[in-house]
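The residues making up each chain are set out below.
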Amino acid sequence: MTEEVPVKAAKTSFEIINTLRELQGAGVSELAERIDKPTSTIHDHLRTLESEEYLVKKDGEYYVGTRFLGVGEQARSRYKVYPIASEELDKLAEQTGEHTNLMIEEHGKGIFLYKARGPDAVQLDTHAGMRVHLQTTALGKSILAFRPREEVEAIIDRHGLPAVTERTISDREELFDALDQIRERKYAYDDEERVKGMRCVAAPITNEEGRAIAAISVSGPKSRMRGETFQEEIPELLLRSANVIEVNLSHA
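Parameters at a glance
- Residues numbered from 1 in each chain as written.
- Predicted model: local features only at pLDDT ≥ 70, side-chain atom pairs only at ≥ 80, totals over all residues.
- Heavy atoms only, no water.
- Phe/Tyr/Trp six-rings, centres within 6.5 Å; stacked < 30°, edge-to-face > 60°.
- Helix = DSSP H or I, 4+ residues; strand = E, 2+ residues; numbered from the N terminus.
- Buried < 20%, exposed > 50% of the residue type's maximum accessible area, 1.4 Å probe, protein only.
- Pairing = 2+ DSSP bridges.
- UniProt positions renumbered as here; feature names shortened; annotations may be inferred.

Caption draft 1: Region of interest: the packing of aromatic side chains. According to the stated counting rule, one finds four aromatic pairs in the structure shown. Between tyrosine 189 and phenylalanine 230, the aromatic rings sit 4.7 Å apart at their centres with planes inclined by 45°, giving tilted as the arrangement. Separated by 41 residues along the polypeptide, tyrosine 189 in strand 6 (residues 188-191) and phenylalanine 230 in helix 9 (residues 227-250) bring together distant segments of the chain. Judged by its relative accessible area of 5%, phenylalanine 230 falls in the buried class.

Next up, the structure:
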């Protein structure tokens, strides 16, 4: 019994932090209603998190503090692919004019590790640390395509296949058919599957055993990502960049 109390307390703290991220700041009453906990409990957690400098309070509302930046940066720096891929993605963003992204898989979710913005890129909601269901993006599908089927099955069993738009793959067998095609051509498409009006092309970063450890992508509005650009030019640029990253990783 005594072992369960600190676990529940920790879970409540993380619920508060994640809710504050979603709401971009909130007061005690709003958090208590959202999380369905007594106001006194929420207040105690908030005061503790603020005293440890993980939250800041302004005008009666709490916000996620900048101390998380150090935690996140340390977590990101553990991945050898990050410094190598980010340099290549900066070049690719400048070359294409669009957004370029780096994603890894963690706990069965896709985590954006880096984003570069080209001179013509539109505004997007993606940012470093953002978590998404893998099948909703070209990046995530690239990773899944180069993982064992049983591992993909386990991810689906854990997280499901929720639809984000009407074009999101939400059927298990449809997903496995798509992964077969991605393995064959070595890159993946996202045609308005996470964001309406946006298209994306992604390629996996694989290790010596052929397992995807990450993926890179170029994303842009469908008005520009079409025809030969979408079908040939962007995929070719991505495959070249992926190859450069893989070679540099093998000698890192």
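Caption draft 2: View of the sheet that holds strand 4 (residues 109-117). Read across the open sheet, the six strands follow the order 5-4-3-8-7-6; overall the sheet is antiparallel. At either margin of the open sheet sits one strand with a lone partner, and together these are strand 5 (131-132) and strand 6. Pairing of strand 3 (residues 99-106) with strand 8 (residues 212-221), which is carried by five bridges, proceeds in the antiparallel orientation. Following the sheet pairing, leucine 102 is matched in strand 8 by isoleucine 216.

Caption draft 3: A look at the UniProt feature "domain: IclR-ED" (unreviewed entry) in the chain. Mapped onto this structure's residue numbering, the UniProt feature "domain: IclR-ED" (unreviewed entry) falls at residues 67-251. Each end of residues 67-251 is marked by a C-alpha atom, and these two atoms are 33 Å apart; helix forms 45% of the span and strand 23%.

Caption draft 4: Molecular detail of the pairing of strand 2 (residues 61-64). Strand direction decides the pairing type here: strand 1 (residues 55-58) and strand 2, joined by four bridges, are antiparallel. Bridge pairing links leucine 55 to valine 64 in strand 2. Between the antiparallel neighbours strand 1 and strand 2 lie two residues, among them aspartate 59 with a positive phi of about 50°.

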